[in-house]
Amino acid sequence: MIFSVLIVNNRGKPRLVKFYVPIDEEKRLPLVGAIYDVVSQRSDKMCNFFDGNHIENEELKKWGGDIKFIYRHFATLYFIFVVDGTESELGMIDLIQIYVESLDQYFENVCELDLIFHSNKVHQILDQVISGGLILEVEPQMILNRIKEQDDFVKQTKKESKKKKKKKGRK
Amino acid sequence: MTKEFEKLIREIGDCKSKLDEDRLIEKQIIILKKFTKKKKIKPKQQSELVLRLLFCQLLGHDVSFAHILAINSSQESNLFYKFIGYLAASIFISTNEDLQLLMINSIQKDLKSDKTLAISIALTTITKIITVDMIPAVLSNVLILLKHQEPLIRKKALAVMYTFLKQSPESILKYQKDFELMLDDKDISVTGVALDLFLFISKKKPKTIKHLVVSFVEILNLIISGKLPLEYDYREIHAPWIQIKLLKILSYLGQDDPNTSREIYQVVQLVLKQSEIGFINGVFAGHAIMHECIKTITKLYPSTKLLELASIAAGRFVTSYSNNLKYLGITALTDLVLVYPEATNKHQIIIVDCLEDSDETLKRRTIELLFRITNKSNISFIVEKMLSYLKTQKDKKYKTSLVSRILKLAEEHGTNIKWYILTINKILQIFGDLVTHDIVYNIMKLISEGSLLEDEEDEEDEEDEEDEENGKKGSQKTKYGGNTALKIFSVDIYSEIISLKRPYPNILYQISLWVVGEYSYLCSNFTTEETMINIVDLINAFYISDESRAMAITALTKMVSHSGKYLEQIDTIIQKYSTSRNTDIRQRCFEMKGILKLPNIIDKILPLDSINADIEIDPNLGFLNEFVENSLKNGCKKYISKEERIKMENELQLGMNENKKKSKELRFEAYQPNNTQQSSTWRIPQQNIYEQEINKNQITNTIELEDSISLKVSGISQRWTENGYSGFKENEPKNIENQTEKMEEKDTSDDLNQYNNLGDNNNNNNDDDDDDDDDNNDNLNNNNLNNQNFNHKNEKILEVKSFRFNRIGSKGPMLEEGQKTNEKILNNDNNNNTTTGQQKPPKTEEELKREKTVNALFNGAGSVRTSRKKSKSQRINFNSKHITKNTIEKNLEKTENLINLGSEKN
């Protein structure tokens with residue numbers, strides 16, 4: 001299963017922190033920092049995975065011994081997935097690809113600022129791909145359709161509520 | 001999003017330091033706190049606030065004061081606000097139980113909602129905030145949702161079930177039938193999520209789902225046949241993630257189960273074949289499937305055909321240019337090699353090349369693989385590569401573990417002992433400070449016993465263990481065992497190392513010094529004198545530790561005693577280091593001085609090549625039985641075990657407490673004389689040593705208490721004793737003894753006894769050397785005769801250890817026949833020794849025990865040249881040797897005094 005999805009920028013600032021296992025609030029950022037330290041040391045030529053034993057953190061031990069980190073580096077952002085032994089490394093690389101593609105299509109040329117200003121959307125898209133640590137959907141188009149459906153739905157309800165208000169005002 | 005929030009984000013983006021950023025956020029938090037105190041907030045404003053909170057939390061600030069806002073927001077009817085509320089709640093409250101309970105209500109409501117979106121959001125939230133106690137509250141609702149018409153809801157419901165399953169497997173496993181139905185879902189992606197549940201079960205309880213193997217195989221067949229709708233393809237590969245999951249499940253189910261494995265073989269082969277298409281296209285997902293196939297094949301019950309295919313596939317990974325694929329290839333091979341050792345044969349060079357890659361992760365993996373594929377034919381090559389890798393390694397912890405593993409590897413697979421020694425020297429030269437001492441003892445053992453070399457030519461194919469056995473047998477045949485050629489070889493190497501005078505790690509010097517000290521007479525490239533000069537230089541060098549320095553001094557001692565050659569420089573060394581701050585060095589210097597003074601027995605103390613001479617240790621100290629019996633006959637008390645003694649001590653303490661009470665009151669009775677008696681030299685015959693100790697305690701205690709009452713006797717020499725006046729002409733010995741007393745205040749009586757005994761024995765040795773000295777002293781001669789008799793009986797042991805055993809052996813006969821005389825001397829001694837006031841009691845078992853330990857230490861010292869079994873405690877023995885020998889020296893002086901005294905008496 002997937003334990004955590006992290007988006008961190010080149011300077012170590014977290015842009016999205018999502019855990020699929022219970023973890024205390026104060027322990028989240030130190031863990032993210034520790035992971036960033038390792039990731040940022042690695043050159044782009046190196047492979048995209050490393051083992052849990054590279055990082056000494058008590059929370060990681062709680063999740064079990066067999067932990068892998070799979071990350072990709074896009075421009076200013078690191079996308080890091082923390083998974084256990086049941087996930088395939090290469091599969092995860094492709095999953096990151098899918099997630100980034102969906103973001104890219106939704107925001108039309110995604111950049112770091114989009115992630116800051118629309119953090120709720122970033123979460124929403126991620127929730128379409130992964131839920132409870134499991135892969136739900138791997139087709140970017142399907143993901144986008146869902147999000148658009150939701151957006152439309154929200155707009156509709158907004159319109160309806162406006163109409164209601166207008167009606168109320170008329171009455 | 002309001003302008004305010006946007007401004008905040010921009011400002012933070014412009015911040016140049018963490019401090020500025022923190023200041024801004026703190027300001028923001030103050031504003032947010034004001035808002036939370038307001039009673040009525042518009043939903044729009046509320047959701048905006050929640051977003052701001054999320055932002056602050058992301059930057060690592062505590063926003064727990066406003067968690068309630070998120071919950072309020074989640075209860076809004078507007079889905080947009082609801083979504084934000086749920087999102088914030090799921091991020092904020094993953095471990096805070098009180099807030100979780102608050103959420104439950106709105107979640108339950110939303111699960112029953114008719115809007116798919118609301119259900120979907122609620123389900124997502126459950127996976128994040130659920131705890132074991134909350135499962136029953138929502139379980140029934142989720143079970144209904146498993147049959148929802150929307151595939152998305154079914155998937156999310158399954159994901160929720162998965163989190164339940166992880167939290168309390170027992171209560172959820174009864175719904176396994178429901179999950180099985182999900183396998184046949186119309187939408188294959190729902191099946192995919194259901195597979196995650198079965199993956200979990202197959203890991204924990206593979207036996208409960210063995211019957212499903214057929215359906216798993218069917219699904220897999222269906223996927224690779226390409227009959228699925230196109231939307232499930234990822235870059236022309238059919239549902240790769242589901243394939244991977246299926247392969248994972250099958251590998252767990254087929255593990256150690258030949259029957260199930262046979263059902264799986266065919267489909268795995270097909271999948272592997274198809275994944276090759278993906279490999280050609282260069283899509284990661286295709287590689288992933290192939291990698292998974294290799295992993296599955298290694299886990300299944302072995303089938304040679306599949307293993308061959310797997311090794312070919314692994315070869316594709318390893319030979320790839322991408323580091324990712326190389327890494328996975330190496331990982332796969334690491335597992336595969338265990339089942340199918342031939343897998344790496346073709347790729348050895350590529351694997352070794354991976355060590356020169358810049359990627360640290362890849363290198364570490366490669367090292368793991370290399371450890372597994374090392375054998376006799378490639379060991380020297382691989383170790384060389386590993387060492388060159390080690391030199392580049394910076395992580396000290398990893399380095400240390402790697403060094404010890406390489407050493408182990410060399411030991412396991414090394415066929416040539418010369419190579420082994422050279423390799424270890426190489427490792428020690430570079431990484432000496434990372435090596436444990438065990439390896440040193442191993443090498444010493446190897447050199448002294450010499451195992452592999454002799455048999456190498458005839459029995460190369462035999463296993464190491466057998467070789468070692470042969471070595472042992474060989475060593476039994478010759479006098480002390482070992483292999484002269486090997487010893488010459490190693491002495492040559494190590495004397496060269498010493499002659500190089502480079503700041504190598506101490507551990508290397510320690511081995512060198514030991515080997516050279518032990519076998520210097522075999523050395524072919526240096527003369528003994530040259531080596532001795534080298535060692536002298538080394539002792540003076542700044543870069544070696546005191547421990548090595550001490551070993552160097554011992555090595556010199558050995559060399560002098562073996563070769564009989566002596567250098568002037570040694571004198572200066574002794575002089576210089578006799579005053580060293582390090583007690584070990586000092587002791588060794590004194591010891592060397594002492595030993596060199598005894599040319600006749602020098603070769604008995606340090607015999608040639610005696611490391612393998614098994615020293616027989618009699619743990620029961622049988623040779624003392626006679627003595628014990630005699631002592632008992634003479635009225636000694638029996639040995640009291642420790643428990644009993646503790647009991648007695650406790651009782652005594654009680655008594656002392658009473659004494660304390662008494663001392664505070666007025667005393668009407670006459671003072672009891674026993675305290676003063678104790679402190680004087682009154683002789684109470686047959687008093688147990690233990691009682692004496694107790695009395696001593698009493699004395700010190702009572703003296704403390706009654707300081708003012710009783711006479712102060714300590715420090716005043718008492719001339720009148722039971723035996724009459726004895727105060728004349730005794731100044732000399734008394735002084736000396738007083739000195740020693742001061743040194744060993746704690747155990748005066750015991751040590752004194754020991755001194756006396758040791759003194760006597762040393763006397764005997766002296767007698768052997770030059771009888772003239774002791775002609776006057778009949779008593780001692782008498783003892784000596786007895787000793788000699790005794791010695792004859794024990795010829796077996798005496799060869800090497802006569803020096804030490806004499807000492808112990810002498811006690812028996814001494815008490816048997818010469819007891820009276822002995823006691824006289826002792827009495828004399830005690831009489832003089834008024835301040836201590838402890839008289840010599842007959843030997844008790846307590847003391848025998850003491851002897852035993854001393855003896856054991858001596859035996860250990862005999863094996864300065866590592867006794868085989870005790871190699872670990874060798875260092876301690878090493879030191880103990882000094883202590884005992886040092887005391888002997890002191891005793892020599894002391895006995896001379898005693899002799900003088902005795903002669904005067906006579």
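Residues numbered from 1 in each chain as written. Chains lettered and ligands numbered in written order. Predicted model: local features only at pLDDT ≥ 70, side-chain atom pairs only at ≥ 80, totals over all residues. Heavy atoms only, no water.

Chemist: What should I look at first to understand the pattern of salt bridges in this one?
Modeler: Side-chain pairing between opposite charges can occur once the charged atoms of the two side chains come close. Residue and element names in this part refer to chain A. Within this structure, the stated rule accounts for 32 salt bridges over all chains. Across the pair Lys27 and Glu59 runs a salt bridge whose closest N-O atoms are separated by 3.5 Å. With Lys27 in helix H1 (residues 25-41) and Glu59 in helix H2 (residues 58-62), the pair connects residues that are 32 residues apart, well separated along the chain. Note that Asp151 and Lys121 form a salt bridge whose closest N and O atoms lie 2.7 Å from each other. With Asp151 in helix H6 (residues 140-170) and Lys121 in helix H5 (residues 119-129), this pair connects stretches of sequence that are 30 residues apart. (Salt bridge = Lys/Arg side-chain N within 4 Å of Asp/Glu carboxyl O. Helix = DSSP H or I, 4+ residues; strand = E, 2+ residues; numbered from the N terminus.)

Chemist: Just checking my understanding: could you explain the interface of chain B and chain A for this structure?
Modeler: In this assembly, 71 residues from chain B lie in contact with 63 residues from chain A. Taken together, both faces of the contact between chain B and chain A bury some 5700 Å²; the carbon and sulfur share is 59%. Summed over the shared surface of chain B and chain A, the result is six salt bridges. A salt bridge links A:Lys13 to B:Glu21, with the shortest nitrogen-to-oxygen separation between them at 2.9 Å. For the interface between chain B and chain A, the tally reads 18 residue pairs in polar contact (both at pLDDT 80 or more). (Contact = heavy atoms within 4.5 Å. Buried area = accessible area lost by both parts, 1.4 Å probe. Polar contact = N/O pair within 3.5 Å; in protein donor to acceptor, adjacent residues only side chain to side chain.)

Chemist: Would you explain the packing of aromatic side chains in this entry?
Modeler: Both the distance between ring centres and the angle between the ring planes are used here to describe each pair of aromatic rings. Residue and element names in this part refer to chain B. With the rule as written, the count across this model stands at 19 aromatic pairs over all chains. When the centroid spacing of 6.0 Å and the interplanar angle of 80° are considered together, the rings of Phe5 and Phe55 count as edge-to-face. With Phe5 in helix H1 (residues 3-14) and Phe55 in helix H3 (residues 43-58), this residue pair connects regions lying 50 residues apart in the sequence. On the accessibility criterion, Phe5 (3% relative accessible area) is buried. (Phe/Tyr/Trp six-rings, centres within 6.5 Å; stacked < 30°, edge-to-face > 60°. Buried < 20%, exposed > 50% of the residue type's maximum accessible area, 1.4 Å probe, protein only.)

Chemist: Help me out: how do you make sense of the pairing of strand E4 (residues 67-74) of chain A in this one?
Modeler: Remark: a regular strand shows side chains that alternate across the two faces of the sheet. All names here are of chain A. Most of E4 sits out of view: six of its eight residues are buried. Relative to E4, strand E3 (residues 49-51) is paired through three bridges, and the arrangement is antiparallel. Residue pairing in the sheet places Asp51 in a bridge with Lys68 of E4. Here eight bridges tie E4 to strand E5 (residues 77-84), and the two strands are oriented antiparallel to one another. Residue Arg72 lies in a different strand from E5, and its bridge partner there is Phe79. Here E4 folds back onto E5 in antiparallel fashion, the turn holding two residues, of which Ala75 has a positive phi close to 45°. (Pairing = 2+ DSSP bridges.)

Chemist: Just to check I follow, could you spell out the nonpolar core for this structure?
Modeler: Across soluble globular proteins, nonpolar side chains show a tendency to be buried alongside one another. Judged by nonpolar contacts, the single largest core of 281 residues is most densely connected at B:Met161, B:Phe164 and B:Phe216. Residues within four places of B:Met161 in sequence aside, it is in contact with B:Leu139, B:Val142, B:Leu143, B:Leu146, B:Ile172, B:Tyr175, B:Phe179 and B:Leu197. (Core = buried A, V, L, I, M, F, W, Y, C linked by side-chain atoms within 4.5 Å.)

Chemist: I'm lost on the packing of H1(B) against helix H2 (residues 18-37) of chain B in this one. Help?
Modeler: A pair of packed helices can be characterised by two numbers: the angle between their axes and the separation between those axes. All names here are of chain B. Two elements in contact, H1 and H2, have axes separated by 9 Å at closest approach and are oriented at 160°. Relative to H2, the element H1 is oriented roughly antiparallel. The two elements H1 and H2 meet at a crossing, and its hand is left-handed. On H2, the residues that touch Leu8, Glu11 and Ile12 of H1 are Glu21, Leu24, Ile25 and Gln28. Class assignment of the residues belonging to the contact of H1 with H2 gives a composition of four nonpolar, one polar and two charged. (Axes fitted to C-alpha atoms, helices over the stretch in contact; angles between N-to-C directions. Parallel < 35°, antiparallel > 145°, perpendicular 65-115°, else oblique. Left-handed = near helix turned anticlockwise from the far one by under 90°. Nonpolar A, V, L, I, M, F, W, Y, C, P; charged D, E, K, R; others polar.)

Chemist: Hey, could you run me through unusual backbone geometry in this one?
Modeler: In terms of backbone geometry, most residues other than glycine have negative phi values and most peptide bonds are trans. Phi at A:Asn109 is positive, roughly 65°, even though this residue is not glycine. You can see A:Asn109 is positioned in the loop between helix H3 (89-107) and helix H4 (112-117). Phi at B:Ala239 takes a positive value of approximately 35°, unusual for a residue other than glycine. If you trace the backbone, B:Ala239 turns up in the loop between strand E2 (237-238) and helix H14 (240-254).

Chemist: Whenever I open this one, the environment of B:Asp584 confuses me. Can you help?
Modeler: Residues and elements named next belong to chain B. Examined against the element boundaries, Asp584 turns out to sit in helix H32 (residues 583-596). Given a relative accessible area of 14%, Asp584 falls into the buried group. Along the primary structure Asp584 and Glu547 are separated by 37 residues, whereas in three dimensions their C-alpha atoms are 7.9 Å apart.

Chemist: Looking at this structure, how should I read the sheet that holds E3(A)?
Modeler: Residue and element names in this part refer to chain A. The sheet built from five strands is open, its strands ordered E2-E1-E5-E4-E3 with antiparallel pairing. Looking at strand neighbours, the two that pair on one side only are strand E2 (14-19) and E3, the edges of this open sheet. Ignoring strand direction, the axes of neighbouring strands in this sheet form an average angle of 15°. Bridge analysis of strand E1 (residues 2-9) against E5 gives seven bridges, and the strand direction is antiparallel. Pairing of Ile7 across the sheet is with Phe79, part of E5. Packed on one face of the sheet, H5 meets E1 and E2 and runs near 40° to E2.

Scope: geometric values only; no functional claims are made or implied.
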